[in-house]
Amino acid sequence: MTKTRIAVFVSGGGTNLQALLDAQASGKLHSGQIVLVVSSQPDAYALTRAERAGVPGVVCSRKELGGQEAFEAAILQVLERYGAEMIVLAGFMSILSKDFTDRFPERILNVHPALIPSFCGKGYYGLRVHEEALKRGVKVTGATVHFVNEIPDGGRIILQKPVMIEEGDTPRTLQRRVMEQAEWIILPQAAEMVAADIAERKEHAD
Ligand code: GAR
């Protein structure tokens, strides 16, 4: 079966990208191949991770490109150039328009650092999610991988994994535990599931 060509979108440290690259190297992610990394930030450490793994990295900055339309047009152009069939948002901090998400129905995945529908939607990203969870005093949080549509964190849920909050947690300790115990596990698993599904549908269409 031909592998599904995957583009991973990043904005920061890229530990989730690393989990995907490691899953590919160990064979856990075998139905897809990461062919491209797109970063919204020119100085994202994730780009160094991509380079180390021999995966091409491309910067598309909304600020430099002068607006949402030009930003998305630039992304579409690189996706086409690399023949990407599936997109994984791995700590990607830019919102994508309905115009964009409509082009890839159930082909864009996102990892969110909470159990949707808690602590999600507009304004809930990165450390902020964990700050809010601690403020609310929940005892269990976790991570969610879901499909991306025009509603922030609103697409169909693929996988979730709970993580316990511990006495004395700070947003940073909680963020780290949610990554280690949930995100880095379920993101590669969900990516494999979706990549396998796309590859299979492609084979039947041929
Ligand atoms: C991760 O915790 C990811 O779930 C979160 O940003 C972090 C990126 O870390 N994403 C969001 O909050 C999206 N709403 P990474 O760059 O090390 O993968």
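What this report covers is the structure whose coordinates are included nearby. (Residues numbered from 1 in each chain as written. Predicted model: local features only at pLDDT ≥ 70, side-chain atom pairs only at ≥ 80, totals over all residues. Heavy atoms only, no water.)

## Observations regarding the overall build of the chain
For the chain, the count of helices and strands is seven helices and seven strands. Computed over C-alpha atoms, the radius of gyration of the chain comes to 16 Å, within 12% of the 17 Å expected from 2.2 N^0.38 for 206 residues, which places it in the range of a compact globule. Its C-alpha atoms give the chain principal-axis dimensions of about 50 × 40 × 30 Å. Counting every position in the chain, which comprises 206 residues, the buried fraction comes to 49%. Sequence-distant contacts in the chain: of pairs separated by 6 or more residues, those separated by 24 or more amount to 67%. Seen as two clouds, the 23 positive and the 25 negative side-chain charges of the chain have centres 3 Å apart. (Helix = DSSP H or I, 4+ residues; strand = E, 2+ residues; numbered from the N terminus. Rg over C-alpha atoms; globule rule 2.2 N^0.38 Å. Buried < 20%, exposed > 50% of the residue type's maximum accessible area, 1.4 Å probe, protein only. Contact = heavy atoms within 4.5 Å. Lys, Arg positive; Asp, Glu negative; His and termini not counted. Charge placed at Lys NZ, Arg CZ, Asp CG, Glu CD.)

## Examining the nonpolar core
As a rule of thumb, nonpolar side chains are buried together in soluble globular proteins. Counting residues in each nonpolar core, the largest one holds 36 residues, and the members touching the most others are V8, L17, L20, M86, L109, V145 and I158. Ranked by residues supplied to this core, first place goes to helix α7 (residues 171-205) with 10 residues. Those residues in contact with I158 that sit more than four places away from it in its chain are L109, V145, H146, F147, A190, M193 and V194. Within the second largest apolar cluster, 21 residues are counted, among which are A7, V35, V38 and V58. (Core = buried A, V, L, I, M, F, W, Y, C linked by side-chain atoms within 4.5 Å.)

## Focus on the pairing of strand β4 (residues 86-89)
With burial as the criterion, each face of β4 is covered, one bearing M86 and V88 and the other bearing I87 and L89. Note that strand β1 (residues 4-10) and β4 share four bridges and pair parallel. Each bridged residue has a counterpart across the sheet, and for I6 the counterpart in β4 is M86. In this structure, β4 lies alongside strand β5 (residues 108-112), joined through three bridges in parallel fashion. By the bridge assignment, L89 is partnered in β5 with N110. (Pairing = 2+ DSSP bridges.)

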